[in-house]
Amino acid sequence: MGFEPPTSGLEPEDPKAARVPVLPCIVAVCCKDKFCLYDVLLTANASVGNYWITVQPQYRLGSPNGFGVLRYEGAPPTLPQGTVPQPGAVKPWSISQIDEVVTAAILIQPNQSSSSNDAATAEVIGSAAPINHTSLQVPLTSNRTFIEMVTQPLLNQTGQLRWALNNRANTETPSCDAKLTLVHANNAYYDGLAATSQAQAGQLLNQVDKLASGNPNSTTARNSTEQHPFHLHGHHFWVLATGNGTYNSSSTAQYNTVNPIYRDTHTVLKGGWSAIRFVADNPGLWFYHCHILWHQVIGQGLVFAEGVQHIQMPPSDLPVCDQKCNYDFGGFTPAWVSQTYGDSSYDLPGVAADVVLP
């Protein structure tokens, strides 16, 4: 999504992302995805009047804009004068603009802060930093790297739409049993399953997500027409880099290991890639998924099975849910999606319905 200030005389500053302070930067548009949180400060230094606030979807041609009005005290209760902002008028951030949003230096080197900031700094670090870390300085190396290519196949087996990671998609409805219950019964439950990444407690992990670029009607690039907000449960992470096009070994030269932004949700760009780093210091089964609900439901996500041998048993007096599981993947055939949600909802825009995964 894009946020456009009401006029060039009013420009928002970006002092905080996902409740973690960042270096202030002046922006004309605040690009955000679902649950990619930003706090902004707007300097109201324009003439008294009414000004448009515009919210615009990206990569969904034909989608309507959202509008609000910023009304100065003393301005008449009317709509703003001038041209109404139209779809396409707000451009997404470039890579260089994305790279301008970085963690505040006070959180990376807190010992250099002034005494007046000590309490606030300690509160942010204590609530967000990995265990036993006294700052948000990103570790310079990692133990393991997971690389996932995200695609949207149409399965031959079922005729259903799925999201796949590295060309692997679940074709069956998942078990209704709680995942922790399955792991307590068998620590090796997740071994070899699709959409699972195994991690040892204490490891430093890189996760690289790639969206195929090129012809969206190819089996490897059905998702090249839009971007995706990925959210990690149980952790914050450093966003080392975001790029367009192909990710390869030379892409690591773009990593920011000085002051990368630190958050729990980030955007993988249309036809691009993103690399994050986090500390596996919280044993558990942690979902990492696209925060667009219908993408999540049909498989755009994975589970980090982290230090499963250290996962504790639930309390003996934990209440038992008496509800019966009725979850399934739904119809999610192209015809069902079109009839239920319309042609521009679950399926990707401009993608042929006969693309299949061999």
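Notes on the structure follow.

## Some remarks on the overall build of the protein chain
Each helix and strand counted, the protein chain has six helices and 17 strands in total. In the protein chain, buried positions account for 44% of the 358 residues. Taking as baseline every contact in the protein chain between residues at least 6 positions apart, the subset at least 24 positions apart corresponds to 73%. Of the roughly 17,900 Å² of accessible surface on the protein chain, 54% is carried by carbon and sulfur atoms.

## Side note on the packing of aromatic side chains
Pairs of aromatic rings are described using the distance from one ring centre to the other and the angle between the two planes. Applying the stated rule across the entire model yields eight aromatic pairs. Between the aromatic rings of Tyr247 and Trp273, the centroid separation amounts to 4.9 Å while the plane-to-plane angle is 70 degrees, which identifies the pairing as edge-to-face. With Tyr247 in the loop between β12 (237-244) and β13 (262-263) and Trp273 in strand β15 (residues 272-279), this pair connects stretches of sequence that are 26 residues apart. The burial state of Tyr247 is the same as that of Trp273; both residues are buried. Geometrically, the ring pair formed by Tyr288 and Phe304 is tilted, given 6.0 Å between the ring centres and 55 degrees between the ring planes. One end of the pair, Tyr288, is in strand β16 (residues 284-290); the other, Phe304, is in strand β17 (residues 301-306), and 16 residues separate them in sequence. Neither residue differs from the other here; Tyr288 and Phe304 are each classed as buried.

## Regarding the sheet that holds strand β10 (residues 204-211)
Read from one edge to the other, the open sheet built from six strands follows the order β8-β7-β10-β15-β12-β13, with strand pairing classed as mixed. In the strand order of this sheet, the two ends are held by β8 (164-165) and β13, each with one partner. Relative to β10, strand β7 (residues 144-151) runs parallel, the two being bridged by seven bridges. Its bridge partner being in β10, Met149 is matched across the sheet by Lys210.

## Overview of the side chain of His235
Looking at the element boundaries, His235 is found in the loop between β11 (228-232) and β12. Within the structure, His235 has its side chain in polar contact with the side chain of Glu306 (distance 2.8 Å). Ignoring any residue separated from it by four or fewer positions in sequence, one finds His235 in contact with Asp264, Phe278, Val279, Ala280, Asp281, Asn282, Trp286 and Glu306.

## Remarks on the side chain of His266
Looking at the element boundaries, His266 is found in strand β14 (residues 265-268). By relative accessible area, which is 4% here, His266 ends up buried. Among the polar contacts listed, one links the side chain of His266 to the side chain of Ser274, at a separation of 2.9 Å. When neighbours within four sequence positions are excluded, His266 is seen to be in contact with Cys36, Asp209, His228, Pro229, Phe230, Phe237, Val239, Ser274, Ile276 and Tyr288.

## Quick look at the pairing of β14
Side-chain alternation along β14 places Thr265 and Thr267 on one buried face and His266 and Val268 on a second face that is also buried. Relative to β14, β11 is paired through four bridges, and the arrangement is antiparallel. Each residue of the ladder has a partner; that of Pro229, found in β14, is Thr267.

## Concerning the nonpolar core
One finds Trp93, Val101, Leu205, Tyr288 and Phe304 to be the most contacted residues of the largest nonpolar core, which totals 34 residues. Those elements that place two or more of their residues in this core are β7, β10, β11, β12, β15, β16 and β17. Excluding anything up to four places from it in sequence, Phe304 contacts Phe146, Ser197, Leu205, Gln207, Leu232, Phe278, Gly284, Leu285, Trp286 and Tyr288. Grouped together as the second largest cluster of nonpolar side chains are 19 residues, Val124, Leu204, Leu240 and Tyr255 included.

## A closer look at the pairing of β16
Regular strands have side chains that alternate between both faces of the sheet. The buried fraction of β16 amounts to five of the seven residues, a majority that puts the element mostly inside the structure. Pairing geometry for β11 and β16, over three bridges, is antiparallel. Residue His231 lies in a different strand from β16, and its bridge partner there is His289.

## Re the environment of Ile292
Residue position: Ile292 is located in the loop between β16 and α5 (293-297). For Ile292, a relative accessible area of 11% puts it in the buried group. Remark: the alpha-carbon pair of Ile292 and His231, spanning 61 residues in sequence, is separated by 10.0 Å. Discounting chain neighbours no more than four positions away, the residues touching Ile292 are Lys34, Gln227 and Pro229.

The rules behind these values
- Residues numbered from 1 in each chain as written.
- Predicted model: local features only at pLDDT ≥ 70, side-chain atom pairs only at ≥ 80, totals over all residues.
- Heavy atoms only, no water.
- Helix = DSSP H or I, 4+ residues; strand = E, 2+ residues; numbered from the N terminus.
- Buried < 20%, exposed > 50% of the residue type's maximum accessible area, 1.4 Å probe, protein only.
- Contact = heavy atoms within 4.5 Å.
- Areas by Shrake-Rupley, 256 points an atom, 1.4 Å probe, with all protein chains shown as cover.
- Phe/Tyr/Trp six-rings, centres within 6.5 Å; stacked < 30°, edge-to-face > 60°.
- Pairing = 2+ DSSP bridges.
- Polar contact = N/O pair within 3.5 Å; in protein donor to acceptor, adjacent residues only side chain to side chain.
- Core = buried A, V, L, I, M, F, W, Y, C linked by side-chain atoms within 4.5 Å.

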